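Chain and residue survey
Here are the chains, one letter per residue:
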Amino acid sequence: MDPTTNDQSGAAGRTAELTARMRDLMPGVRSDLEALTRIPSVSLDSFDQRHVDDSAAATADLLRAEGLEVVVVREGGRPAVIGRLPAPPGAPTVLLYAHHDVQPPGDDADWDTPVFEPTQVGERLYARGVADDKAGVLAHVAALRAHGGRPPVGVTVFVEGEEEVGSDSLPTILDRHGDLLACDAIVLADSHNWKVGVPALTTTLRGMVRVVVEVRALEHGLHSGLYGGAVPDGLTALCRLLATLHDEVGDVAVPNLMRSEAAELDFTEEDLRADAGLPPGVRPIGTGSLLSRMWTQPSVTVIGIDAPAVDVAANLLTPVGRAKVSMRIHPAEDPRTAYQELRAHLQRHAPWGCGVEVTLVDDGAGFAADAQGPVYDAARQAFTDAWDGVAPVDIGVGGSIPFVAAFAQRFPEAAILVTGVEDPDTRAHAANESLHLGEFERVCLAEALLLERLGTMGEDGEHG
C-alpha cells in the first residue's frame, strides 16, 4: 500500500477524532469562558485593578488544571500569566498568546444585555471581553484539553494583562522572561476571521501613533459678545486645525506617509455598509480600494476632545482647545517618523497664529508577515479542516497590535500566526460585544489540529 495513503488516512482519522473530542468539550469550555468573562478585568487606571488580579489568578488556575507549570509575572504593570509544557524529544515549541484584560464597558444603557453577564441571543454570546480576548484564552485551553493535556508539541501559553492599555511592560517581560517564552512558532489569538464561515490569517497590521494636540488662543476666557469677531477662541481654532488632517474627499492630508494597495479580496461598499453599520446617505471617505483604505493607507481619527459640556457652557471665548488624535499607519512605516510628520503638519497649519503643542501619547510598529513556509502550510490545512473544507484567506487588519512587532523582534526565527475568534459583527470595544459560538468551536478545533500538525513536523521543518 502507498505510504502516502496511510499518512492521509491517519491524518483524516486524527482530524475526526479531535473534531469529536472538541464537540464533547465545548460545554465545559463555554462554562469556563463565561466564568472568566464575569470578572470585570478592565485594565484602565480609573477602574478597580483588583479585578485584573482576579482575572490573572483565574487564568492561571485554568492553565494549571491542564498540567502546565504556571507563573504570574508583573514587571511594573498588570499581571501576565505564563504556563509551560515541555516539548517531547525533537518536537517544536509553540507559544500561544492571548490577553485577559478588557476594554471599559461604556454606558450600560447602550447594552442590550448585562455588560459582564454572558447572555446568549441566537447564535451569539454577549458580554464585554467575551470575544476580545477571553475567548482567545479559552481557545488555547480548549486545544490543550483536546489533546488530553499532552499535545505533540511543547506549549507555552502567555496571557497578557494590559494589552488594552498599550502593553507598556511587555518589553520588560520579554527581556526578563524571554527564556520562558522561547519558541519555534507563535499563535497570537487577538484578531478576527474574514466573515462567519470563512476563516482568516492576519498577515498585515497597521502601526499607530496617538497624540494630544493643544491649541491656545488666549490666556484666559473672554465674553464672546464683547470680543467675538475680532479675537479667536481655542475651540474654533482647534476645529480648523483638525479639519486640515483630511482633504475634501477624506484622504489623510499629512504628507510623506506610506501607502500601498492591499490584497485583492471581494469586498464591496455594500459589505462595508453592512459590517460598519454605515447609515444611508453617509458616504465612505478616501480613495483607492476599500481594503487598502482600511489596511495599508494611513487614517486619522479624532478620538476625544476636551470642551465645556453643552448643557453647562458659558457664553465665552474658550482659551484652549485639546484633542486626542489617533493615526494608523502603513504596516512598514516607522511610527516615530510618522509622528514627526503629523506634528510638523499640525504646527505648520496653526490657525491665526495660535500656539500649537503636540504631545506623543504612545506609538507602535505595524507588522507584515511573509506568510510562507511549513508552519503557515500547517495552519492553512488546520483551518480548512476545521471549517469543513473552507480555506482561510490572508487578510490585513487596520487596527494595531504593537506586541506582534515586539514578538517578531524578540524571536526573529519564529513563524508568527495572527489568528482570532472575532468576526465582522463582534463589535469589539463597543457596546454589545459578542462571540459567534459556532465560529468559536471552529477556532478551538483549528488550534487543536494545528498543534497536531506541528507535532508531525520533523527537525527539517517538513511534515512527517
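These figures come from a predicted structure and were not determined experimentally.

**Topic: unusual backbone geometry**
That bond from Asp132 to Asp133 is cis: its omega, 5°, falls within 30 degrees of zero. The residue Asp133 is located in the loop between strand S5 (124–126) and helix H3 (134–146) in this model. The phi torsion at Asn256 lies on the positive side, around 70°, for a residue other than glycine. On the basis of relative accessibility, which here comes to 62%, the residue Asn256 falls in the exposed class. Although it is not a glycine, Asn432 adopts a positive phi angle of roughly 65°. Within the secondary structure, Asn432 sits in the loop between strand S17 (415–422) and strand S18 (434–436).

**Describing the packing of aromatic side chains**
The tally for this structure, following the rule as stated, stands at nine aromatic pairs. A ring pair is formed by Phe158 and Phe407, whose centres lie 6.0 Å apart and whose planes are at 65°; its orientation type is edge-to-face. Of this pair, Phe158 sits in strand S6 (residues 154–160) while Phe407 sits in helix H11 (residues 402–410), placing them 249 residues apart in sequence. Aromatic side chains Trp194 and Phe267 sit 5.9 Å apart centroid to centroid with 55° between the ring planes, which places their arrangement in the tilted category. Of this pair, Trp194 sits in the loop between strand S7 (185–192) and strand S8 (200–205) while Phe267 is found in the loop between helix H6 (234–243) and helix H7 (269–276), placing the two residues 73 residues apart along the sequence.

**A short note on the nonpolar core**
Within the largest apolar cluster, 64 residues are counted, with the highest numbers of intra-cluster contacts made by Leu138 and Phe440. For Phe440, the contacting residues outside a window of four places in its chain are Met26, Val29, Leu33, Ala135, Leu138, Ala139, Val421 and Leu435.

**Details of the sheet that holds S5**
Spatial strand order, S4-S5-S18: three strands in an open sheet with antiparallel pairing. The two strands at the open ends of the sheet, each matched to only one other strand, are strand S4 (119–121) and S18. Taken pair by pair, the neighbouring strands of this sheet meet at an average axis angle of 30°, ignoring direction. Where S4 lies against S5, three bridges are found, and the strand directions are antiparallel. Bridge pairing in S5 places Val121 opposite Arg124. Against the sheet, helix H12 (residues 437–455) makes contact with S4, S5 and S18, and its axis sits at roughly 65° relative to S18, the strand it touches most.

**What to know about the pattern of salt bridges**
The full count for this structure, using the stated rule, is 23 salt bridges. Where Arg14 meets Glu17, a salt bridge forms, and the shortest distance between an N and an O atom there is 2.7 Å. Of this pair, Arg14 and Glu17 both sit in helix H1 (residues 3–37), three residues apart, roughly one helical turn. On the basis of relative accessible area, Arg14 is assigned to the partly exposed category, the value being 22%. Residue class for Glu17 comes out partly exposed when judged on its relative accessible area of 48%. Arg442 is paired through a salt bridge with Glu439; the nearest N and O atoms lie 2.4 Å apart. Here Arg442 and its partner Glu439 are both found in helix H12, three residues apart, which amounts to about one turn of the helix. The network of salt bridges with common partners includes Arg30, Glu34, Arg38 and Glu117.

Conventions used here
Residues numbered from 1 in each chain as written. Predicted model: local features only at pLDDT ≥ 70, side-chain atom pairs only at ≥ 80, totals over all residues. Heavy atoms only, no water. Helix = DSSP H or I, 4+ residues; strand = E, 2+ residues; numbered from the N terminus. Buried < 20%, exposed > 50% of the residue type's maximum accessible area, 1.4 Å probe, protein only. Phe/Tyr/Trp six-rings, centres within 6.5 Å; stacked < 30°, edge-to-face > 60°. Core = buried A, V, L, I, M, F, W, Y, C linked by side-chain atoms within 4.5 Å. Contact = heavy atoms within 4.5 Å. Pairing = 2+ DSSP bridges. Axes fitted to C-alpha atoms, helices over the stretch in contact; angles between N-to-C directions. Salt bridge = Lys/Arg side-chain N within 4 Å of Asp/Glu carboxyl O.

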